[in-house]
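Okay, here's what each chain looks like letter by letter:
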Amino acid sequence: MMDLGKQQVFEVGNIDEKIDLSLPPTSGEEYIKRVVIEAQSCADTVVADLDTSIIKKIPISYCKLLPGCVEAPSGLSPTLEWQQLQVSNFSDVRLYVSQLKNEVKTNKRKWTASSIKLPDIKDQQGWIKFCNGGVVDPTLDIVFCFTQALAEQLLEYLTEWVETERILSYHIGQWIYALLVILEEPLFPDTCFTLRSLARVCSALRAEQRLPFTYDSDLRALNLFICLVARYFRQLDLADH
């Protein structure tokens, strides 16, 4: 096969190596002869002579592997049936919201945009206060106003707050669930990182539980977010088994 590329395709006749290459070719045949002469003068292998002293040395960076979820203490891990039910319910909610969005876009449904003033996308503390104050619930007329960039950024803000404060408050949990509902796929790497961080911090908080081994509302919320990240958004290495 390698020899096939070396076989002659066009018959160009005798080649006069004394052709003046400074003059333009007078015919197609003469042009091909010039190409042959130039090709014969080229070396089979060319090695660049680099001055390595002028090459900027780039430091090597290593990506630290992030740990997975903390294993649930005995009695606090949800059953597989419970996880499957949560994923099914979550899928139904996402489908419902998606259908509403399509109806609004196609003018089949009228939707009044929210009149509530939202913080600037870069105002992290403003958004934390907005979501954690409990004054405004994550209703559809609000989340419908969110761009995908805002939803992803807000999810990152709230996850960082949970990691810092070591608590998943009721209102923050509501907003996180609403953001997961409107989160579009496929996920960007940064968003995937945020989701994995959310699942990890929820598993850590679950491991710190000092309550009796019962499914109180806080524990259910922690298990729910671990379940959705792992089983709906396909981060299966983080799943409870």
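Notes on the structure in this doc start here. Sequence positions are assigned chain by chain, starting from 1 and proceeding in written order. Per-residue local features of the predicted model are confined to residues with pLDDT of at least 70, and side-chain atom pairs are confined, for both listing and counting, to 80 or more; whole-chain, interface and lining totals are unaffected and use all residues. In computing side-chain properties, one takes all heavy atoms of the structure into account and sets aside hydrogens as well as water.

Considering the overall build of the protein
Piece 1. Secondary structure elements follow DSSP: runs of H or I of four or more residues count as helices, runs of E of two or more count as strands, with numbering from the N terminus. What the protein contains, in helices and strands, is 8 helices and 0 strands.
Piece 2. What you see in the protein, going N to C, is helices and strands ordered as α-α-α-α-α-α-α-α.
Piece 3. Looking at the protein as a whole, 34% of its 241 residues are labelled buried.
Piece 4. Contacts: residue pairs with any heavy atoms within 4.5 Å of one another. Contacts in the protein between residues at least 24 apart in sequence constitute 69% of all its contacts with a sequence separation of at least 6.
Piece 5. Approximately 16,500 Å² of the protein is accessible, and the part contributed by carbon and sulfur atoms is 56%. For every residue, the accessible area obtained with a 1.4 Å probe (protein chains only) is divided by the maximum for its type, and the residue is called buried under 20%, exposed over 50%, and partly exposed between those limits. Values of accessible area rely on a 1.4 Å probe in the Shrake-Rupley scheme; residue burial ignores everything except the protein chains shown.

Digging into the nonpolar core
Piece 1. Among the nonpolar cores identified, the biggest contains 49 residues, and Phe 146, Leu 158, Trp 175, Ile 176 and Leu 180 are the most heavily contacted of them.
Piece 2. Only α2 (80–105), α3 (124–132), α4 (140–143), α5 (148–165), α6 (170–182), α7 (189–207) and α8 (217–232) provide two or more residues apiece to this core.
Piece 3. With 9 residues, α8 is the single largest residue contributor to this core.
Piece 4. For Phe 146, the residues in contact, after removing those within four places along its chain, are Leu 118, Trp 127, Leu 154, Trp 175, Leu 179 and Ile 182. Here the nonpolar core consists of buried residues drawn from Ala, Val, Leu, Ile, Met, Phe, Trp, Tyr and Cys, with membership extended through side-chain atoms lying within 4.5 Å.

Quick notes on unusual backbone geometry
Piece 1. The omega torsion across Glu 185 and Pro 186 is 5 degrees, close enough to zero to call that bond cis.
Piece 2. Along the chain, Pro 186 falls in the loop between α6 and α7.
Piece 3. In this structure, Arg 166 is a non-glycine residue whose phi angle is positive, near 60 degrees.
Piece 4. By secondary structure assignment, the location of Arg 166 is in the loop between α5 and α6.
Piece 5. Classification of Arg 166 as partly exposed rests on a relative accessible area of 38%.
Piece 6. Look at Arg 234: it is not a glycine, yet its phi comes out positive at around 65 degrees.

Things to note about the pattern of salt bridges
Piece 1. The term salt bridge refers to a pairing of a side-chain nitrogen on Lys or Arg with a carboxyl oxygen on Asp or Glu at a separation within 4 Å. All chains considered together, the criterion is met by 4 salt bridges.
Piece 2. The salt bridge partner of Glu 208 is Arg 166, with a shortest N-O separation of 3.0 Å. Within this pair, whereas Glu 208 is found in the loop between α7 and α8, its partner Arg 166 is found in the loop between α5 and α6, the two being separated by 42 residues in sequence.
Piece 3. Overall, Glu 208 belongs to the partly exposed group, its relative accessible area being 39%.
Piece 4. With its nearest N and O atoms 2.7 Å apart, the salt bridge here joins Asp 237 to Arg 196. Here Asp 237 is found in the segment after α8, whereas its partner Arg 196 is found in helix α7, with 41 residues between them in sequence.
Piece 5. Assessed through its relative accessible area of 55%, Asp 237 is described here as exposed.
Piece 6. For Arg 196, a relative accessible area of 18% puts it in the buried group.

Structural notes on the packing of α5 against α6
Piece 1. Contact pair α5 / α6: the axes reach a minimum separation of 10 Å and the direction vectors enclose 145 degrees. Here the hand of the crossing between α5 and α6 comes out left-handed. For the pair α5 and α6, the contacting residues are Gln 148, Ala 151, Leu 154, Leu 155, Leu 158, Trp 161 and Val 162 in the first and Ile 172, Trp 175, Ile 176, Leu 179, Leu 180 and Ile 182 in the second.
Piece 2. Residues are grouped as follows: nonpolar covers Ala, Val, Leu, Ile, Met, Phe, Trp, Tyr, Cys and Pro; charged covers Asp, Glu, Lys and Arg; every other residue, Gly included, is treated as polar. The residue inventory of the contact of α5 with α6, partitioned by class, reads 12 nonpolar, 1 polar and no charged. The axes are straight lines fitted to the C-alpha atoms, using for helices just the contacting stretch, and the angles between their N-to-C directions are given from 0 to 180°. Handedness of a crossing is defined here by the sense of rotation of the near helix relative to the far one, left-handed for an anticlockwise turn of less than a right angle and right-handed for a clockwise turn.

Here we look at the packing of aromatic side chains
Piece 1. Planes of paired rings set the category: under 30 degrees apart is stacked, over 60 is edge-to-face and the rest tilted, where pairs are Phe, Tyr or Trp rings (Trp by its six-membered ring) whose centres lie within 6.5 Å. Per the counting criterion, the structure on display carries 8 aromatic pairs.
Piece 2. With 5.3 Å between their ring centres and 75 degrees between their planes, Trp 127 and Phe 130 make a pair best called edge-to-face. Residue Trp 127 and its partner Phe 130 are located together in helix α3, separated by 3 residues, close to a single helical turn. Accessibility classification places Trp 127 together with Phe 130 in one group, the buried group.
Piece 3. A centroid spacing of 6.1 Å and a plane angle of 15 degrees characterise the contact between Phe 146 and Trp 175, whose relative ring orientation is stacked. Of this pair, Phe 146 sits in the loop between α4 and α5 while Trp 175 sits in helix α6, and the two are 29 residues apart along the sequence.
Piece 4. An aromatic cluster is present here, built from Phe 90, Tyr 177, Tyr 232 and Phe 233 joined pairwise through their rings.

This is a description of form; function is not addressed.
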